[in-house]
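# Tertiary structure, described
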Amino acid sequence: IDRDNTLISCELNSYILSTKDIRFLDKNIDKLAKISDSFSIIAIVTNQPQISMNKLSLEELENINNKIILYCRSKSLLIDTVIWCPHHPHKGFASENELLKTDCFCRKPNPGMLLELTYQRNIDLKSSLFVGDSQVDEIAAKAAGCDFINIKDL
């Protein structure tokens, strides 16, 4: 499952930088909870370039993701794991982390995070479904060999 604009709202060209920024998309979470019993592992797969921009610490990212997981649990959507990409290919941000400024294989639309999950959790991508809100999510799913559905179509 994609995170931003699938589970929580995130304005275009904006970032979730604090737990105070979280606005849950209850209708989407409810839809996902209804189909979640059909899958043995539920994972959040998310690009988090604000880490490479030094706008978000790893501790705050963990706090944000934990709040999302706990809220989803209260709505019967049980998240097993979260995988995130900290990279960003574009340079020129104040205080950016040069080590994370790269065009990596894990950042969606590349399939790296999905492929890593298959290794970590022994997931069969051919019988998996990736749910997201964008063409970037769809491209990543197709490149990894799993099905995709836009949250709006669920």
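In this report, the structure presented in the accompanying data block is examined.

Each value, and the rule that gives it
Residues numbered from 1 in each chain as written. Predicted model: local features only at pLDDT ≥ 70, side-chain atom pairs only at ≥ 80, totals over all residues. Heavy atoms only, no water. Helix = DSSP H or I, 4+ residues; strand = E, 2+ residues; numbered from the N terminus. Contact = heavy atoms within 4.5 Å. Lys, Arg positive; Asp, Glu negative; His and termini not counted. Charge placed at Lys NZ, Arg CZ, Asp CG, Glu CD. 1 Å grid on protein atoms, 1.4 Å probe; cavity = no way out; pocket = protein on both sides within 12 Å on 5 of 7 lines; lining within 4 Å. Points joined across faces, edges and corners; volume = space filled by probe spheres on them. Nonpolar A, V, L, I, M, F, W, Y, C, P; charged D, E, K, R; others polar. Buried < 20%, exposed > 50% of the residue type's maximum accessible area, 1.4 Å probe, protein only. Salt bridge = Lys/Arg side-chain N within 4 Å of Asp/Glu carboxyl O.

### Remarks on the overall build of the chain
A tally of helices and strands in the chain yields four helices and four strands. Counting only C-alpha atoms, the chain reaches 45 × 35 × 25 Å along its principal axes. Taking the intrachain contacts of the chain between residues at least 6 apart in sequence as the baseline, contacts between residues at least 24 apart amount to 63%. Computed over 18 positive and 21 negative side-chain charges, the inter-centroid distance for the chain is 3 Å.

### Here's the deal with the layout of surface pockets
Taking a probe equal in size to a water molecule and rolling it over the atoms shows the remaining empty space. In this structure, the largest pocket spans a volume of roughly 560 Å³. Around the largest pocket, the lining is made up of 21 residues, and of these Asp-4, Asn-5, Ser-14, Asn-47 and Arg-107 lie nearest the centre. Mapped by element, the contributors of at least two residues to the lining of the largest pocket are β1 (43-47) and α4 (135-144). For the lining of the largest pocket, the per-class residue count stands at five nonpolar, nine polar and seven charged. In this structure, the second largest pocket encloses a volume near 430 Å³. In terms of lining, the second largest pocket is formed by 24 residues, of which the most central are Phe-39, Ile-41, Ile-123, Ser-128 and Leu-129. Secondary-structure elements contributing two or more residues to the lining of the second largest pocket are α1 (26-36), β1, α3 (112-121) and β3 (129-132). Looking at the lining of the second largest pocket, its residues break down into 17 nonpolar, six polar and one charged.

### Considering α3
What α3 keeps buried is the set Gly-112, Met-113, Leu-114, Leu-117 and Thr-118. If you follow the buried residues of α3, they end up packed against β1, β2 (81-85), β3 and α4. A positive phi of about 55° marks Asn-122, the residue just after α3.

### A short note on the pattern of salt bridges
Oppositely charged side chains can form a pair if their charged atoms are brought close together. Taken as a whole, this structure holds seven salt bridges when the rule is applied. Note that Asp-2 and Lys-108 form a salt bridge whose closest N and O atoms lie 2.6 Å from each other. Here Asp-2, found in the segment before α1, pairs with Lys-108, found in the loop between β2 and α3; they are 106 residues apart in sequence, far enough to count as distant. For Asp-30, the salt bridge goes to Lys-75, with nearest N and O atoms at 3.1 Å. With Asp-30 in helix α1 and Lys-75 in the loop between α2 (58-74) and β2, this residue pair connects regions lying 45 residues apart in the sequence. Among the charged side chains, a network of salt bridges with common partners joins Asp-2, Lys-108 and Asp-137.

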